[in-house]
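Summary of the model geometry
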Amino acid sequence: MYDVVIIGAGVIGCALARELSRWRLKLAVCEKNSDVADGASKANSAIVHSGHSNAPGSNMARFNLAGNLLYEQLCQELGVPLQRNGSLNIAFTDEEVGKLQQLMRDGEANGVSGMRIVGPDELRVMEPQLNAEVKAALFAPSSAITSPYELAVAMAENAAHNGAELILNCKVLKVEKREDSWTLFCSDRKLETQVLVNAAGLYADVFNNQVSAKKIKILPRKGQYWIVDKSYAGSFKHTIFQVPGSMGKGILLTPTVDGTILLGPTAEDQEDREDTSTSRESLEHIKTVAKRSWPALPEHALIGSFAGIRAHTKENDFIIGERQDAPGFFNAAGIESPGLSAAPAIAEELCKQIVSKLGAVKNNSFNPRRNPIPAFRHMSFAEKTAAIQRNPLFGRIVCRCEQITEAEIRASIRRPVGALTVDAVKRRTRAGMGRCQGGFCLPRVVDILSQELGLSPARITKDGSLSEILAGDRPDQPAMSSQCKTARRPAKTPRF
Amino acid sequence: MQNGSQTCENPEVLIIGGGPAGLAAAIAAYDRGCRKILLLEREPRLGGILQQCIHTGFGLQIFKDELSGPEYAQRYIDQLEQRGIAYQCDTMVLEISEQRLVTSVNPRLGLQRFQAGSVILAMGCRERSRGALGIPGTRSAGIYSAGTAQRFVNLEGYVPGKKIVILGSGDIGLIMARRMVFSGAEVLAVVEIMPFSSGLKRNVVQCLDDFGIPLLLSHTVTEIKGRGRLSAVVVSQVDERRRPIPGTEKEFDCDTLLLSVGLIPENELSRGAGVKLSVTTSGPLVDERMQTNVPGIFACGNVLHVHDLVDHVSEEAALAGEAAADYCRQPGLGLPEEFLLLEDGYGVRGTVPQRVAKQSLQGVLRLTFRPSQVFMNAAILLEADGVALQESRRRILTPGEMASISIRGKQLATLRDKKKLTIKIIES
Ligand SMILES: Cc1cc2nc3c(=O)[nH]c(=O)nc-3n(C[C@H](O)[C@H](O)[C@H](O)COP(=O)(O)OP(=O)(O)OC[C@H]3O[C@@H](n4cnc5c(N)ncnc54)[C@H](O)[C@@H]3O)c2cc1C
Ligand SMILES: Cc1cc2nc3c(=O)[nH]c(=O)nc-3n(C[C@H](O)[C@H](O)[C@H](O)COP(=O)(O)OP(=O)(O)OC[C@H]3O[C@@H](n4cnc5c(N)ncnc54)[C@H](O)[C@@H]3O)c2cc1C
């Protein structure tokens, strides 16, 4: 019997697992996919919003502000990148300038500090590449950027380190109330728990509606993006929003902590909760609207596109807390934007409620710190030399675009909550995210995964079941592969 | 010996990349008298991309023989080893400075720094990815560049898929179409956006026609379908401006899409050293000795401009090797003072070299370029400051085959007081 089981290892489930691991609880997270952060948490704008765009008085306003304030310490403890780059909402017309003032009033009501309206001259200095026709902008210095999947992985690792259990490839099919507990019927097992947390993202309505008379409905809303190559890093320092309602409804432009620039997202309602395909029309639309902010947008430097799906509800607010007609069942539902920003605060609040319900005691051995995988590319000459002496595999570059070494790839697989797929390696190390998009490193990463996991390369997947990279051994020379595999396996690789 | 790990302190000539370009450059530098040479290669063995090109057709010009890629490479590797030229494999160059300080990394030798007399860039090229094409659809498994698939099949011994569509009719795409058939897969079509193949004619015949694989010209892939693994691609016809024509969509059920949509010279390192690149070739701007704008840094092979025949790579690299050796023997030698500039005229793209030092207008000057479209019964015209200098007729010129012209002795001498040479194509 578990004390707490969380359905869903997105940024919400992972943040809550880490918070709960501060307490002595038997705790598990069930995730249907092969990795954490494989839903909305891997495909979003990666912005820790300042909080001025939420309706005053809403859960979104409250948790966004509180979450934003928690980010510094969280990222510092977990070794996750965070940059307080500030945001600019830009206005092209007098009418839009009026909207900026409204936005600033909302922001102040929500408790956002440090905002001010910036005129055209100062804007030129702040963002030389910005369209010269911009009349004014609302500057919010507390807006920040982070790496959402690194954050989720880091929180999951830290939770695991402090005793939480993470069960991947485990789909919860149905939940049922017992006398004082809950039963979860999963694809491969059955779990019993006292407290059940619904952090299932796009499927949060399914579980809520199984146990509560107060129904909700998730309305999937897709957002598509372009990625600009990092050779344009530094083109923009701030996150640039256009005023919503004007031509570009919500198409923003933001630097990422990796040096690329994101353009997007669109907002497209759809029935399908899994369809993250991109479309020609939307990608064209993004380019057109983004050029209003960035007239010199370099189209040849667009290295990729992707889409994420928001778990929108008609209430348009986060649904958080215990269901009155289902004691012991806690929701974190309808967590659309600013869900990433709010995650640490949502986790704190739910943790408080659950701990008081269970009367849990402190976990005195809780360690808030997690050492990230040392990144060769960020080391000094002396540090690189020392790293290679410690582990020669730091001396072998596997991903040439991002300069990721074999040591980093192997570490990403061997850690707690280790990578099981090519995409999971990519999310933990950046291998394959550069301008050649894995053309160079894919065969090498497949090879390393197969060695580390003890699987045939033909069973290595891109992103979980049914996404095998290869179709099998070459028929004409089946013996060759196994031969060269063993020959290339490093004799003894130090663990760290 | 496969794993070179010799070293050479402060080498006179340091070569980055051990493909056919780097090998030929090293050998030529040695034969020019240079003895302090070091070649660095990031793969566990020398030979470059040739090691995965197990088909034949290499060396027809230089060796008058039809060799496979590895056989061709081995001839040069043998020559390198006979001369005792130092090389390191498993060694990736991370940085080159304008002053030719080269930083590299190797698991056993660690982080190393070499102050080189001259540097030869021979890093080859990489393949353009799906992202760069912006093909919409899902991000499923089963989409690979043709070179990645070639590596999986030929070096690792795995087939990437069973039912295959290939986008792009470059040589690697054509070769891989046949290779996939040999590996038991079904190749449904090769799809090419241009109205002509961008590969060598002989490859279209030997790799597609002989196997009944359809080549769909003026078509492109407009959508990718499938969750998990690829399940289908949508192919549409395009108009003269390469825009998909609505209503022409055809769906192909397949599990793999191979991309052979262009090679990009690998010049991240060059940029860091202050080497100026051409917008047309994406390679460094060089003079007739393959010297870049940075004195003492030379370039050759696919890093300079994408070649279709390896024989030409070897020839070009030998020039760079000799020039780099000469550079070290005349310390303090800067760039020549006066240049004749080369310009792409009508129908011509990416002329290499882009400039010629006036002091070396002697012997033979070979200029290479790509036609911008297919021309039948055309003439290549060379003009010096707007005045016709020479004309040579060609039965066919296509973008898939690099073209060249040579200027010799007496004619070269007449160019001393000229400023600009233009190559153009005249249709008849
Ligand atoms: C396009 C877009 C842009 C955004 N931009 C921002 C932004 O800039 N700033 C910001 O603050 N927020 C942003 N958001 C919102 C933010 O990404 C989300 O609020 C956040 O990621 C939600 O996290 P989650 O854990 O609730 O959901 P998810 O990450 O979707 O996690 C839910 C998890 O539950 C799992 N699951 C579902 N069903 C089951 C089952 N039956 N059994 C087991 N596991 C199950 C899923 O596989 C998934 O891993 C954006 C969202 C989108 C889509
Ligand atoms: C995928 C592919 C398939 C091809 N197939 C054919 C074919 O079938 N037939 C044909 O005639 N031609 C083919 N070609 C063209 C052929 O490759 C060229 O003619 C020739 O190989 C180019 O030689 P190169 O030495 O310039 O480049 P490469 O052969 O690519 O060699 C470059 C070398 O530099 C190394 N290198 C790069 N960066 C670094 C660094 N930072 N540090 C250390 N080393 C580095 C690389 O590992 C590589 O070994 C193909 C090209 C490619 C890219």
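The shown structure was predicted, so the numbers you read here are calculated from the model rather than taken from an experiment.

1. Quick notes on helix α10 (residues 406–414) of chain A
With respect to burial, α10(A) is a largely interior element, eight of its nine residues being buried. Within α10(A), the full set of buried residues consists of Glu406(A), Ala407(A), Glu408(A), Ile409(A), Arg410(A), Ala411(A), Ser412(A) and Ile413(A).

2. Section: the site of ligand 1
Residue and element names in this part refer to chain A. In the vicinity of ligand 1, 38 residues are found, and the nearest of them are Glu31, Ser41, Ile47, Ile335 and Ser341. Contact distances for ligand 1 include 2.6 Å between an oxygen atom and a side-chain N or O atom of Glu31. Within the backbone of Pro338, one N or O atom sits 3.4 Å away from an oxygen atom of ligand 1. Computed on the free molecule, ligand 1 has an accessible area of 1000 Å², of which 97% lies beneath the protein chains in the complex. Residue assignment for the shell around ligand 1 shows that the elements contributing at least two residues are α1 (11–20), β18 (302–312) and α8 (339–358).

3. So, the interface of chain A and chain B
One frequent convention defines the size of an interface as the accessible area lost when the parts assemble. At the junction of the two partners, chain A supplies 55 residues and chain B supplies 48 residues. Carbon and sulfur atoms supply 56% of the area buried between chain A and chain B, which totals about 4300 Å² over both sides. If you look at where chain A meets chain B, you find four salt bridges. Across the pair Asp90(B) and Arg396(A) runs a salt bridge whose closest N-O atoms are separated by 2.6 Å. Inspection of the region where chain A meets chain B yields 16 residue pairs in polar contact (both at pLDDT 80 or more). Secondary structure elements with two or more residues in the side of chain A that touches chain B: α7 (280–293), β18, α9 (381–390), α12 (442–453), β23 (472–473) and α13 (478–488) of chain A. Its residues assigned to classes, the side of chain A that touches chain B shows 24 nonpolar, 14 polar and 17 charged. Two elements, β23(A) and strand β12 (residues 158–159) of chain B, share two bridges in a ladder whose sense is antiparallel. Paired with Asp473(A) across the strands is Tyr158(B), a residue of β12(B).

4. Points about the domain arrangement of chain B
All names here are of chain B. In terms of domains, chain B is made up of domain 1 (13–126 + 264–335), domain 2 (129–261) and domain 3 (342–426). Once you take the C-alpha centre of each, domain 1 and domain 2 turn out to be 31 Å apart. For the pairing of domain 1 and domain 2, the buried interface totals around 850 Å² over both sides, and the portion due to carbon and sulfur atoms is 51%. Broken down residue by residue, the surface that domain 1 buries against domain 2 is led by Gln52, Ile54 and His55, which jointly contribute 56%. Summed over the shared surface of domain 1 and domain 2, the number is one salt bridge.

5. Notes on the nonpolar core
Within the largest apolar cluster, 64 residues are counted, with the highest numbers of intra-cluster contacts made by Val13(B), Ile16(B), Ile37(B), Ile96(B), Ile120(B) and Leu121(B). Sort the elements by how many residues they give to this core and helix α8 (residues 310–329) of chain B lands first, with nine residues. What Ile16(B) contacts, discounting residues up to four positions off in sequence, is Leu40(B), Val93(B), Ile96(B), Val102(B), Val119(B), Ile120(B), Leu121(B), Ala122(B), Met123(B) and Leu269(B). The next biggest cluster of nonpolar side chains, apart from the first, holds 54 residues, and it includes Cys75(A), Ile354(A), Val355(A) and Ala360(A).

6. Focus on the site of ligand 2
All names here are of chain B. Taken together, 33 residues form the shell around ligand 2, and within it Ala21, Glu41, Ile49, His55 and Asn302 come nearest. Here an oxygen atom of ligand 2 and a side-chain polar atom of Arg42 are 3.2 Å apart. In the model, an oxygen atom of ligand 2 is placed 3.0 Å from a nitrogen or oxygen of the Ile49 main chain. Considering ligand 2 on its own, with 970 Å² of exposed area, one finds that the protein chains cover 95% of that surface. Put simply, the parts of the chain that give the shell around ligand 2 at least two residues each are α1 (20–31), β6 (92–96), α4 (146–156), α5 (171–182) and α8. Per-domain counts for the shell around ligand 2 show at least three residues from each of domain 1 (13–126 + 264–335) and domain 2 (129–261).

7. Quick word on the pairing of strand β15 (residues 252–255) of chain A
All names here are of chain A. Side chains Leu252 and Thr254 of β15 all project onto a buried face; the interleaved residues Leu253 and Pro255 project onto the opposite face, where all are buried too. In this sheet, strand β16 (residues 261–264) lies alongside β15 in antiparallel orientation, the contact comprising four bridges. Its bridge partner being in β16, Pro255 is matched across the sheet by Ile261. Hairpin connection of β15 to β16: five residues between the antiparallel strands, including Gly259 at a positive phi of 95 degrees.

8. Quick notes on unusual backbone geometry
Pro338(A) follows Ser337(A) through a cis peptide bond whose omega is 5 degrees. Relative to the helices and strands, Pro338(A) resides in the loop between β20 (326–333) and α8. Here the residue pair Val352(B) and Pro353(B) is connected by a cis peptide bond, since its omega of -5 degrees sits within 30 degrees of zero. By the secondary structure assignment, Pro353(B) is in the loop between β23 (348–352) and β24 (355–357). Even without being glycine, Val417(A) reaches a positive phi, approximately 55 degrees. Topologically, Val417(A) is positioned in the loop between α10 and α11 (422–429).

About the thresholds
- Residues numbered from 1 in each chain as written.
- Chains lettered and ligands numbered in written order.
- Predicted model: local features only at pLDDT ≥ 70, side-chain atom pairs only at ≥ 80, totals over all residues.
- Heavy atoms only, no water.
- Buried < 20%, exposed > 50% of the residue type's maximum accessible area, 1.4 Å probe, protein only.
- Helix = DSSP H or I, 4+ residues; strand = E, 2+ residues; numbered from the N terminus.
- Near = heavy atom within 4 Å.
- Polar contact = N/O pair within 3.5 Å; in protein donor to acceptor, adjacent residues only side chain to side chain.
- Areas by Shrake-Rupley, 256 points an atom, 1.4 Å probe, with all protein chains shown as cover.
- Contact = heavy atoms within 4.5 Å.
- Buried area = accessible area lost by both parts, 1.4 Å probe.
- Salt bridge = Lys/Arg side-chain N within 4 Å of Asp/Glu carboxyl O.
- Nonpolar A, V, L, I, M, F, W, Y, C, P; charged D, E, K, R; others polar.
- Pairing = 2+ DSSP bridges.
- Domains from an automatic or database assignment.
- Core = buried A, V, L, I, M, F, W, Y, C linked by side-chain atoms within 4.5 Å.

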